[in-house]
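Tertiary structure, described
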Amino acid sequence: MLEISHLTKVFHPGTVNEKVALNDVNLHVGAGEVVCIIGSNGSGKSTLFNMISGTYPVTGGTIVLDGKDVTSSAEYRRAFTIGRIFQDPTKGTAGKMSIEDNLITASRKGMRGLRISLNDRKRAEFRALLEPIGLQDRLGDNVGLLSGGQRQALTLLMTVISNPKLILLDEHTAALDPGNADTVMALTQKYISQYNLTALMVTHNMQLAIDYGTRLIMMDSGRIILDVQGDEKRRLTVGSLVEVFRSIKSRDYASDRGLLTI
Ligand SMILES: Nc1ncnc2c1ncn2[C@@H]1O[C@H](COP(=O)(O)OP(=O)(O)OP(=O)(O)O)[C@@H](O)[C@H]1O
Ligand SMILES: [Mg+2]
């Protein structure tokens, strides 16, 4: 479904600000996998998403999506296959437009530009889609009136009805209170199975990364340093994850020191 090979991203190459944000990343994700991504600030998680969605050009390596090499294809083209949700609930929706207008925009994207008009049948369909998030009676309301949790739930709904194959969730519950974060996570799981999606989800919440998904990867300094799934993932605890991180870091440090003393 997604094959990332030898992906490298260097920002400001050849200057004093040179930053290797991704360093030879290899990641193959099969259809239906739900991959949780953890890693400290600046480890390259969002840059990985920016590369997959085509926000910035890669420095090296390739990205194959659904059998097609998309490494150089434009962001708007990839957006037909990829849905992306950010931490900020205001990013995925148009605040000055009504809920129904936002939904019609998302469905048009999903129908690859086919004409869809807002008739009574479409409204009934939207009402049914909005029922699980409790917004079925607010079709005409401006999205700007919604709470952060409601807005992120709507963003999620708009993303899935736009018919993507892969969704990229970048800390999409981090700005919500615990209750709303749980609701949006439950909705995320429901949509992933209902719409047969493959998902990559960045989170700073280790427990969440342990509880959700089929696979967990940890990033550090632009590399994938841990990749577990199946029983190995089910056996993880927050304590064991922290321990793995510490031991990998100290091994790195030891080898760096080793190199320096040669
Ligand atoms: N557009 C950019 N221009 C220059 N440097 C960038 C750019 N985007 C990211 N970086 C740098 O690349 C590194 C990785 O950043 P990235 O945003 O991918 O980290 P992250 O893992 O998402 O961190 P966080 O958990 O804080 O969101 C950082 O050092 C960051 O400063
Ligand atoms: Mg980030």
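1. With respect to the sheet that holds strand β3 (residues 34-39)
Read from one edge to the other, the open sheet built from six strands follows the order β6-β7-β8-β3-β9-β10, with strand pairing classed as mixed. With partners counted over all chains shown, the strands left at the sheet margins are β6 (82-85) and β10 (223-229), one partner each. For this sheet the average axis-to-axis angle between neighbouring strands, irrespective of direction, equals 15°. Strand direction decides the pairing type here: strand β7 (residues 166-170) and strand β8 (residues 198-202), joined by five bridges, are parallel. Each residue of the ladder has a partner; that of Leu168, found in β8, is Leu200.

2. Some details on the sheet that holds strand β2 (residues 19-29)
Spatially, four strands are ordered β2-β1-β4-β5 in an open sheet, and the strand pairing comes out antiparallel. Bordering the open sheet on either side are β2 and β5 (68-69), each of which pairs with just one other strand. Pairing geometry for strand β1 (residues 2-11) and β2, over seven bridges, is antiparallel. Among the inter-strand pairings, Leu2 is bridged to a residue of β2, identified as Val29. Its contacts with the sheet place helix α1 (residues 45-53) against β1, β2 and β4 (60-65), and it is angled at close to 115° to β1.

3. Overview of the site of ligand 1
The environment of ligand 1 is formed by 15 residues, the closest being Asn41, Gly42, Lys45, Thr47 and His204. Taking Asn41, its side chain carries an N or O atom lying 2.8 Å from an oxygen atom of ligand 1. Residue Tyr56 places a side-chain N or O atom 3.2 Å away from a nitrogen atom belonging to ligand 1. Considered on its own, ligand 1 offers 630 Å² of accessible surface; in the complex 67% of this is hidden by protein. Counting residues per element, the ones that place at least two in the shell around ligand 1 are β2 and α1. Residues of the shell around ligand 1, tallied by class, amount to three nonpolar, nine polar and three charged.

4. Observations concerning the pairing of β4
Here five bridges tie β1 to β4, and the two strands are oriented antiparallel to one another. Considered in β4, the bridge of Glu3 is made with Val64. Bridging between β4 and β5 involves two bridges; their strand directions are antiparallel. Each bridged residue has a counterpart across the sheet, and for Val64 the counterpart in β5 is Asp69. Taking the residues that link successive antiparallel strands as the turn, the β4-β5 hairpin has two residues, and the phi of Asp66 there is positive, at about 55°.

5. Things to note about the pattern of salt bridges
Under the criterion given, the structure shown has nine salt bridges. The residue Asp141 makes a salt bridge to Arg138 at a minimum N-O spacing of 2.7 Å. For Arg138, a relative accessible area of 25% puts it in the partly exposed group. Between Glu243 and Arg246 there is a salt bridge, with its nearest N and O atoms 3.7 Å apart. Here Glu243 and its partner Arg246 are both found in helix α9 (residues 238-261), three residues apart, which amounts to about one turn of the helix. Among the ionic contacts, a cluster of salt bridges with common partners joins Glu33, Arg215 and Asp227.

Parameters and conventions
- Residues numbered from 1 in each chain as written.
- Chains lettered and ligands numbered in written order.
- Predicted model: local features only at pLDDT ≥ 70, side-chain atom pairs only at ≥ 80, totals over all residues.
- Heavy atoms only, no water.
- Pairing = 2+ DSSP bridges.
- Helix = DSSP H or I, 4+ residues; strand = E, 2+ residues; numbered from the N terminus.
- Axes fitted to C-alpha atoms, helices over the stretch in contact; angles between N-to-C directions.
- Contact = heavy atoms within 4.5 Å.
- Near = heavy atom within 4 Å.
- Polar contact = N/O pair within 3.5 Å; in protein donor to acceptor, adjacent residues only side chain to side chain.
- Areas by Shrake-Rupley, 256 points an atom, 1.4 Å probe, with all protein chains shown as cover.
- Nonpolar A, V, L, I, M, F, W, Y, C, P; charged D, E, K, R; others polar.
- Salt bridge = Lys/Arg side-chain N within 4 Å of Asp/Glu carboxyl O.
- Buried < 20%, exposed > 50% of the residue type's maximum accessible area, 1.4 Å probe, protein only.

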